[in-house]
Amino acid sequence: MTGNLYRGQAGLPFSSTLRIYEPLDAFPEDQQAAIRSAGERAVSRAAVENAELLASLGRITRPGGDPFPTGRTDLVRVTRAPGVPVEDAGKESAEEETADGVGLLYCPSQLVLRAGLAANALIEGIHGPLAELLIPEEQRDRHQERIDLVNARDGITRVHTRASTWGIPFSWFSLFLESDPQDVVEAGGRILTVRVWAPISDALDRVRYAVANLALAAPDLDMLDDLTQLTEWLELFHADSMVELDYGAVADKVYPDDSPMDVRLGIECLAEGDMTGAAAAYRRLASRWIPIRQLARAS
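To keep things clear, this report deals only with the structure shown in the data block. Only a predicted model underlies this, so the values are computations on that prediction, with no experimental measurement involved. (Residues numbered from 1 in each chain as written. Predicted model: local features only at pLDDT ≥ 70, side-chain atom pairs only at ≥ 80, totals over all residues. Heavy atoms only, no water.)

1. A short note on the overall build of the protein chain
Moving on, step 1. A count of helical and extended segments in the protein chain gives 12 helices and eight strands.
Moving on, step 2. Counting the 299 residues in the protein chain, one finds 45% classified as buried.
Moving on, step 3. Contacts in the protein chain between residues at least 24 apart in sequence constitute 79% of all its contacts with a sequence separation of at least 6.
Moving on, step 4. Counting every atom, the protein chain has about 15600 Å² of accessible surface; 55% of that belongs to carbon and sulfur. (Helix = DSSP H or I, 4+ residues; strand = E, 2+ residues; numbered from the N terminus. Buried < 20%, exposed > 50% of the residue type's maximum accessible area, 1.4 Å probe, protein only. Contact = heavy atoms within 4.5 Å. Areas by Shrake-Rupley, 256 points an atom, 1.4 Å probe, with all protein chains shown as cover.)

Here's what the structure looks like:
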């Protein structure tokens, strides 16, 4: 089962991620050896995805009912600038680059911090007896101790990964162009995921352009708040970082996907006062993504 777990995610919620990969010297010096070592253990990208999924399913069935990661191990994804995955390089050259770290960028999973943030968001949304049933206060307190240990050890920590279930936020698409490098991962006649990369400098230019135009043309649009928060998040990272959009299993439902182009055209139309063009771009997005989001409410 474990060998094909990543390839057989049928029945699990669609989950997509936005990740930042930074050069090794962007991390605190006392963390660099551990991050580099974890990156070297990542035999392939599929192995990392499989290990993370297997660990998450294992936590659900862990004796004692504690669903939180312990932090004893943390997976690290590795890519090569300007966005070509390490495993796609020739075996010999990949080993050479991994040996000296030249051109490698790293994205730690940071599961302890991310699990804490996700739990807080869940509790804020449901409150009362249901919250206690889903995540008992004792377990939340125990996990807060883990978060405190991470913060005490690492200081102020940038969270390198954002996740979304049952669809991709439209604001994420503003970071990418259809011409950006991408990798389509297929197996068994279906698409497992699509990954798109952009240098963080390009992504920042694009999202700042979107913020500037929406602030003038549609200041009440909810997407403007999302784009502003996205900009502030990207500004935390090293200038030589890469941004990756990982569609996850939802790629099999939407690829080939014109969402980056539709978001860009919609913003340009709003900036030019072309409400008809903006509405058309939104209709294309809605027809593509609303059916996916409705699956979250399906029985």
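2. Some words on the pairing of strand β4 (residues 104-108)
Along any regular strand the residues' side chains alternate between the sheet's two faces.
Moving on, step 1. Counted residue by residue, β4 has five buried out of five residues, so it is predominantly covered.
Moving on, step 2. With burial as the criterion, each face of β4 is covered, one bearing Leu104, Tyr106 and Pro108 and the other bearing Leu105 and Cys107.
Moving on, step 3. Bridge count for strand β1 (residues 15-23) against β4 is two bridges, and the pairing is antiparallel. Bridge assignment links Pro23 to a residue of β4, and that residue is Leu105. (Pairing = 2+ DSSP bridges.)

3. Points about the nonpolar core
Moving on, step 1. Membership of the largest hydrophobic core comes to 42 residues, with the highest contact counts inside it found for Leu18, Leu175, Leu234, Val243, Tyr247 and Trp289.
Moving on, step 2. Each residue touching Tyr247, except ones within four places of it in the same chain, is listed here: Ser15, Ser16, Ile168, Phe173, Thr193, Val194, Val196, Val254, Asp257, Pro260 and Trp289.
Moving on, step 3. Within the second largest apolar cluster, eight residues are counted, among which are Leu24, Ile35, Val76 and Tyr106. (Core = buried A, V, L, I, M, F, W, Y, C linked by side-chain atoms within 4.5 Å.)

4. Regarding the pattern of salt bridges
Moving on, step 1. The final tally for this structure, using the stated rule, is 17 salt bridges.
Moving on, step 2. Among the ionic pairs, Asp246 bridges to Arg195, the shortest N-O distance being 3.3 Å. Residue Asp246 is found in strand β8 (residues 242-246), and its partner Arg195 is found in strand β7 (residues 190-199); the two are separated by 51 residues along the sequence.
Moving on, step 3. The shortest N-O distance in the salt bridge between Arg208 and Glu235 comes to 3.1 Å. Note that Arg208 is positioned in helix α8 (residues 200-217) and Glu235 in the loop between α9 (222-234) and β8, a separation of 27 residues in sequence. (Salt bridge = Lys/Arg side-chain N within 4 Å of Asp/Glu carboxyl O.)

5. Notes on helix α1 (residues 29-41)
Moving on, step 1. When we look at burial in α1, the residues that qualify are Gln31, Ile35, Ala38 and Gly39. An end-on view of α1 places all buried positions within 100° of arc, on one side of the element. Turned more than 90 degrees away from the buried face of α1, the exposed residues are Glu29, Asp30, Ala33 and Arg41. (Arc of directions from axis to C-beta.)

6. Quick word on the side chain of Asp180
Moving on, step 1. Following the sequence through the fold, Asp180 ends up in the loop between α7 (170-173) and β6 (182-187).
Moving on, step 2. A polar side-chain atom of Asp180 sits 2.8 Å from the main-chain amide nitrogen of Leu177.
Moving on, step 3. Dropping the residues within four chain positions of it, Asp180 is found in contact with Leu175, Val196, Trp197, Ala198 and Arg206. (Polar contact = N/O pair within 3.5 Å; in protein donor to acceptor, adjacent residues only side chain to side chain.)

7. Here we look at the packing of α8 against helix α11 (residues 259-271)
Moving on, step 1. The interhelical angle for the contact between α8 and α11, taken along N-to-C directions, is 40°, at an axis separation of 9 Å. Here α11 runs oblique to α8, going by the angle between their axes. Considering only the axes of α8 and α11, their crossing is left-handed. In contact with Tyr209, Ala210, Asn213, Leu214 and Ala217 of α8, α11 contributes Ile267, Glu268, Leu270 and Ala271.
Moving on, step 2. Across the contact of α8 with α11, the residue classes break down as seven nonpolar, one polar and one charged. (Axes fitted to C-alpha atoms, helices over the stretch in contact; angles between N-to-C directions. Parallel < 35°, antiparallel > 145°, perpendicular 65-115°, else oblique. Left-handed = near helix turned anticlockwise from the far one by under 90°. Nonpolar A, V, L, I, M, F, W, Y, C, P; charged D, E, K, R; others polar.)

8. Re the packing of α11 against helix α12 (residues 275-294)
Moving on, step 1. It is at 8 Å that the axes of α11 and α12 come closest, and there the two elements cross at 155°. When the axis of α11 is compared with that of α12, the two are roughly antiparallel. Between α11 and α12 lies a crossing of left-handed hand. Contacts between α11 and α12 involve Ser259, Asp262, Val263, Leu265, Gly266, Cys269 and Leu270 from the former and Met275, Gly277, Ala278, Ala281, Arg284, Leu285, Arg288 and Trp289 from the latter.
Moving on, step 2. For the contact of α11 with α12, the class distribution of residues is nine nonpolar, three polar and three charged.

9. Notes on the packing of aromatic side chains
Moving on, step 1. In this structure the tally under the stated criterion is four aromatic pairs.
Moving on, step 2. A ring pair is formed by Phe173 and Tyr247, whose centres lie 6.3 Å apart and whose planes are at 50°; its orientation type is tilted. Taken as a pair, Phe173 in helix α7 and Tyr247 in the loop between β8 and α10 (251-254) lie far apart in primary sequence, 74 residues in all. For the residue pair Phe173 and Tyr247, the accessibility class agrees, reading buried in each case.
Moving on, step 3. Relative to Phe237, the ring of Trp233 has its centre 5.5 Å away and its plane inclined at 85°; by these criteria the two rings are edge-to-face.
Moving on, step 4. The class of Trp233 is buried, set by a relative accessible area of 6%. (Phe/Tyr/Trp six-rings, centres within 6.5 Å; stacked < 30°, edge-to-face > 60°.)

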